[in-house]
Amino acid sequence: MDAREKTLRVIVQKIPKLPTLTSVAEKLLGMVDDDRSSVDSVVHMIEQDPAIVAKVLSFANAAFYGAGQPILNLNDAVMKIGFKNIRSIALGISLMTIFADNKERYAEAYRKIFCHSFAVGVIANQIADRAGHEVLHEEFIVGLLHDIGQLVINKYFNEDYVRIMDEFQKGCFLVDAEETVLGVTHADIGLWLADKWNLPAVIQDAIYYHHHPRDAVRNKKAVAVVHLANVVAERRALGPLGAGPSNPLDYAALDMLGMTEQDLAQIEAQIDPEALVSELFD
Ligand SMILES: [Fe+2]
Ligand SMILES: [Fe+2]
């Protein structure tokens, strides 16, 4: 075991109780890669959790999915934004909300990370589209979950989280601030959690490599998509801590997708940060 793994082990041992998947999350996870799962069975599953239904409907009504008649039920949402999107959103929300917390000192940071994650999911879809080929079918959920390690840090290591924010606000990259305070990053902690939860390999890879996609050995395009989506979100002040980058742009990600900096700039210019998040939080 190298020093880094030891540090990670020491950190995660301080988590009093590993958050477990809700039964809805667990069942949706079982369906996420299963193209035989029917619309009805997934809709039925989601309906068991009214909080998830509400969130899925607010996503389906949000401006980035285009205007139109208000979406009032899940079947209409499936018609509008597609079955796979509904399934991904519901799973992503059910995993993210495991870390929701009403305690005031966690809530604002949770909200920011959630907004950022959601923005990265949406932008990842746009980048995959722009790259001109089916990069992966679950861009959205991969984007949504890429920073789940940050939710762990915020919830279980709140004092460290505050110190990381202080370091970050001095102007360094987020991952460097985490290295300074914890000795590991949210990517290490996120991968640990994803492994415990048995999340699919593509999600694990996106969590671990999204700051340096050139090092990915599998799912390279998915990782590249999330990396670029993360960069775009942060450039538009939709970062997990507000303004400022987590990490530098890895140009290898553009090459991996056959994209140019101009392509990225165009996607960036189309983002309307306020529209992106205003409808998601009451
Ligand atoms: Fe990150
Ligand atoms: Fe991120």
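This report concerns the structure included in the present document. Just so you know, these numbers come straight off a predicted model, no measurement behind them.

Scanning the protein from N- to C-terminus turns up 17 helices and zero strands. Whereas a compact globule of 282 residues would reach a radius of gyration of roughly 19 Å, the protein reaches 18 Å, a difference of no more than 12%. Seen through its C-alpha atoms, the protein measures out along the principal axes to roughly 50 × 45 × 35 Å. Looking at the protein as a whole, 46% of its 282 residues qualify as buried.

With respect to the helices, strands and loops of the structure, L182 is situated in helix α11 (residues 174–182). Residues L182 and D160, spaced 22 residues apart in sequence, show a C-alpha to C-alpha distance of 7.4 Å. Apart from residues lying up to four places away in sequence, L182 is in contact with I11 and D160.

So, on to the packing of helix α9 (residues 148–156) against helix α12 (residues 186–196). Direction vectors running N to C along α9 and α12 enclose 100°, while the axes themselves pass 7 Å from each other. Between α9 and α12, the interaxial angle falls into the category roughly perpendicular. Within the contact between the two elements, α9 uses I148, G149, Q150, V152 and I153 and α12 uses H186, A187, I189, G190 and L193. Counted by class, the contact of α9 with α12 contains six nonpolar, four polar and no charged residues.

What follows is about unusual backbone geometry. Glycine aside, a negative phi is what most residues show, and trans is what most peptide bonds show. One non-glycine residue with positive phi stands out, namely N219, at about 45°. With phi around 60°, A237 is a residue other than glycine that occupies positive phi space. Within the secondary structure, A237 is located in the loop between α14 (220–235) and α15 (251–257).

It is worth spelling out the nonpolar core at this point. Counting 90 residues, the largest nonpolar core has V56, A119, I123, A124, V225 and A229 as its most contacted members. When residues in this core are grouped by element, the largest group, 13 residues, is from helix α7 (residues 104–130). The residues contacting A119, other than those within four sequence positions of it, are A233, L238, L276 and V277.

Analysis parameters
- Residues numbered from 1 in each chain as written.
- Chains lettered and ligands numbered in written order.
- Predicted model: local features only at pLDDT ≥ 70, side-chain atom pairs only at ≥ 80, totals over all residues.
- Helix = DSSP H or I, 4+ residues; strand = E, 2+ residues; numbered from the N terminus.
- Rg over C-alpha atoms; globule rule 2.2 N^0.38 Å.
- Buried ≥ 20, exposed ≤ 12 C-beta atoms within 10 Å, placed from the backbone.
- Contact = placed C-beta atoms within 7 Å.
- Axes fitted to C-alpha atoms, helices over the stretch in contact; angles between N-to-C directions.
- Parallel < 35°, antiparallel > 145°, perpendicular 65-115°, else oblique.
- Nonpolar A, V, L, I, M, F, W, Y, C, P; charged D, E, K, R; others polar.
- Core = buried A, V, L, I, M, F, W, Y, C linked by C-beta atoms within 7 Å.

It is worth stressing that arrangement in space is one thing and function is another; only the former is reported here.
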